[in-house]
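What the coordinates show
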Protein chains: 2
Amino acid sequence: MSVIQGARERARTEVTAAIKEEARRQLASEGAARLSLRAVARELGMVSSALYRYFPSRDDLFTALIIDAYDAIGAAAEQALAASAGAAPADRWIAVCRAARDWAVDHPHEYALVYGSPVPGYGAPQDTVVPASRVGLALVAVVGDAQHDGVLGPPLGRPLAGPVRADAALLASELAPDLPVPTIAALVAAWAQVFGIVSFEVFGQFNRVVEARGPFFDQAAAALAAQVGLAPSGGPPADGQAGDGDRAGGEQRS
Amino acid sequence: MSVIQGARERARTEVTAAIKEEARRQLASEGAARLSLRAVARELGMVSSALYRYFPSRDDLFTALIIDAYDAIGAAAEQALAASAGAAPADRWIAVCRAARDWAVDHPHEYALVYGSPVPGYGAPQDTVVPASRVGLALVAVVGDAQHDGVLGPPLGRPLAGPVRADAALLASELAPDLPVPTIAALVAAWAQVFGIVSFEVFGQFNRVVEARGPFFDQAAAALAAQVGLAPSGGPPADGQAGDGDRAGGEQRS
DNA sequence: GTCTATAAACCGATAGAC
DNA sequence: GTCTATCGGTTTATAGAC
């Protein structure tokens, strides 16, 4: 790639980034379903048709935003995974969960784009599935490392029903052949449950119910760690009263 | 109310119901954010301005749909609660959770309306908060009945951090003064976690991951029952053959 | 790759006759 | 309480000049 082409490419990359950035702003004010190419162009001082040189259709812009969101929350989780290397498995689990939750709280509209209601008429293309799996794989990695270190206990819960076991066995063969099948089943459930807490917080279901949301989340994440077989590391957090900096404020910021 | 007024009222009720019914159809095809009064009117053979006699604004139609959805899923949960009276607490818990999940799977768009991404620009009025609490209260009732029967154990998990305890204590005083505070905290977490599994199923996150979704849900609900202190009733569902699934590991008192 | 112009729709909400 | 008509916007997407 020549220098001139490099410059051209760079300009294109910058415009593409600006479009996505403005689109994310509109995600906040209008929601995914009403994201409008024209409005994005207007705000950027462009004309609507110019956008089509960057994104052939509204759905393509959409897909780019979705992939970016999955990658961002996945990167946050992976960063916590790496930063916690060597720590007690239950603490690593909590750290990874917490990283995903913190990203979601900081980016509620992008979170809604990927973990909220599907947008009718939009079918996620195949390109989204790998980014979509990153948080889950970070959780698998925590458990896999614990297993490797010989400190993984059995998951809590009753024996698996046949069809559940079959699903889990298939998953295990694909992404973590060394983990016991019941552990995989517990992991999948815990994965969904973590996002249940995050969604309740981000989508406002905890309004007037849970105020200390950070500590509450950590408490629930710790219980989920135990559920998948990660032994608690010892004492509770710092139990103190001092807030962890969480406000209880409204769920929508712009 | 006279007979004539009764007839007039009835007609009004029927039109109102027809509007909501058509609006629910559009919820499915367009999503909440794009629900359009004009389109509803068009489909009903009315003129758009006529709708304003029934719903003063789009947001009011919205609110009605939301309340209906909360009431429907709440009624499903309450019906399972009543139908399971006398059964083992863990089984009642699973039945109530399963009723909510089944309703959600049968009504994905209404479910998305209330448990999915908030619609930007719409602020839920106070009228929605009582209906919104019905499923949660059904779960509280299961645990409260178990406590009343003396078969409620301690919740799993570590001791509560101070702020979490404070929130839970306030909630307990409002809706279940007889339940231990840690139980309330575990209940709130379990409540959110149940909906996490439901949302992952309804919103497509389980595609190509979990296929046996009913049994998987029951498995997870059973684990959550144990988490809030409801002892398992005995054997696994029916289906399970030889499990290497291991039972409860170390119990951590709270 | 940005522009103008255009097609062919759509929207919420209101005024005022009947 | 339904109608017509209207205000003042909005949208996706394309054609074709530059």
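Residues numbered from 1 in each chain as written. Chains lettered and ligands numbered in written order. Predicted model: local features only at pLDDT ≥ 70, side-chain atom pairs only at ≥ 80, totals over all residues. Heavy atoms only, no water.

The name an unreviewed UniProt entry gives chain A is Transcriptional regulator, TetR family, with Actinacidiphila rubida as the organism.

Moving on: the packing of helix H5 (residues 89–106) of chain A against helix H10 (residues 181–202) of chain A. Residue and element names in this part refer to chain A. Where H5 meets H10, the axes come as close as 10 Å, and the angle between the chain directions of the two elements is 35 degrees. In this structure, H5 meets H10 at a crossing whose hand is right-handed. Between H5 and H10, the contacting residues are Trp 93, Cys 97, Arg 101, Ala 104 and Val 105 on the first element and Leu 187, Ala 190, Val 194, Val 198, Glu 201 and Val 202 on the second. Looking at the contact of H5 with H10, its residues break down into nine nonpolar, no polar and two charged. (Axes fitted to C-alpha atoms, helices over the stretch in contact; angles between N-to-C directions. Helix = DSSP H or I, 4+ residues; strand = E, 2+ residues; numbered from the N terminus. Left-handed = near helix turned anticlockwise from the far one by under 90°. Contact = heavy atoms within 4.5 Å. Nonpolar A, V, L, I, M, F, W, Y, C, P; charged D, E, K, R; others polar.)

It is worth spelling out the interface of chain B and chain A at this point. Between chain B and chain A, the residue contacts involve 67 residues of the former and 66 residues of the latter. Together, the buried faces of chain B and chain A total about 5700 Å²; carbon and sulfur atoms form 63% of this surface. Three residues, Arg158(B), Phe200(B) and Gln219(B), lead the burial of chain B against chain A; their summed loss comes to 12% of the area buried on that side. Seen at the junction of chain B and chain A, the total is zero salt bridges. Breaking the side of chain B that touches chain A down by element, the ones donating at least two residues are helix H1 (3–30), helix H4 (58–83), helix H6 (108–115), helix H9 (162–175), helix H10 (181–202) and helix H11 (213–228) of chain B. Here the side of chain B that touches chain A gets 10 residues from one element, more than from any other, and that element is H10(B). (Buried area = accessible area lost by both parts, 1.4 Å probe. Salt bridge = Lys/Arg side-chain N within 4 Å of Asp/Glu carboxyl O.)

In this numbering, the UniProt entry assigns the feature "DNA-binding region" (unreviewed entry) to residues 36–55 of chain A. Secondary structure within residues 36–55 of chain A divides into 60% helix and 0% strand; the distance between the first and last C-alpha atoms comes to 12 Å. (UniProt positions renumbered as here; feature names shortened; annotations may be inferred.)

The next point concerns the packing of aromatic side chains. Geometry of an aromatic ring pair is reported as the spacing of the ring centres plus the angle between the planes. Evaluation of the coordinates by the stated rule reveals 24 aromatic pairs over all chains. A ring pair is formed by Trp191(A) and Phe200(B), whose centres lie 4.7 Å apart and whose planes are at 75 degrees; its orientation type is edge-to-face. Residue Trp191(A) is found in helix H10, and its partner Phe200(B) is found in helix H10; the two belong to separate chains. Accessibility assignment for this pair places Trp191(A) and Phe200(B) in one class, buried. Plain terms: the ring middles of Tyr111(B) and Phe203(B) are 5.8 Å apart, the flat faces sit at 55 degrees to each other, and that makes the pair tilted. Here Phe203(B) lies in the loop between H10 and H11 and Tyr111(B) lies in helix H6, a separation of 92 residues in the sequence. In this structure, Tyr111(B) and Phe203(B) share a single accessibility class: buried. Cluster of aromatic residues (ring-pair linked, three or more members): Tyr70(A), Tyr111(A), Tyr115(A), Trp191(A), Phe195(A), Phe203(A), Phe200(B), Phe206(B) and Phe216(B). (Phe/Tyr/Trp six-rings, centres within 6.5 Å; stacked < 30°, edge-to-face > 60°. Buried < 20%, exposed > 50% of the residue type's maximum accessible area, 1.4 Å probe, protein only.)

With that settled, the discussion passes to the relation of the copies chain B and chain A. When chain B is fitted to chain A, the best match, at an RMSD of 0.1 Å, comes from turning it 180 degrees and sliding it 0.0 Å along the axis. Given the turn and translation reported, the copies of this chain are related as if by a two-fold rotation axis. Residue Gly196(B), judged by its C-alpha, is the member of chain B lying nearest the rotation axis, at 1.6 Å. Looking at the interface residues of chain B, 87% of them are also at the interface in chain A, so both copies use one shared face. (Least-squares fit on C-alpha atoms with pLDDT ≥ 70 in both.)

This paragraph deals with the protein's contact with DNA strand C. Around DNA strand C sit 19 residues, and of these Arg53(A), Ser36(B), Leu37(B), Arg38(B) and Tyr52(B) come closest. In this structure, a phosphate oxygen belonging to DNA strand C sits 3.3 Å away from a side-chain N or O atom of Arg12(A). At a separation of 2.9 Å, a phosphate oxygen of DNA strand C approaches a polar backbone atom of Leu37(B). Here the surface near DNA strand C gets four residues from one element, more than from any other, and that element is helix H2 (residues 37–43) of chain B. (Near = heavy atom within 4 Å. Polar contact = N/O pair within 3.5 Å; in protein donor to acceptor, adjacent residues only side chain to side chain.)

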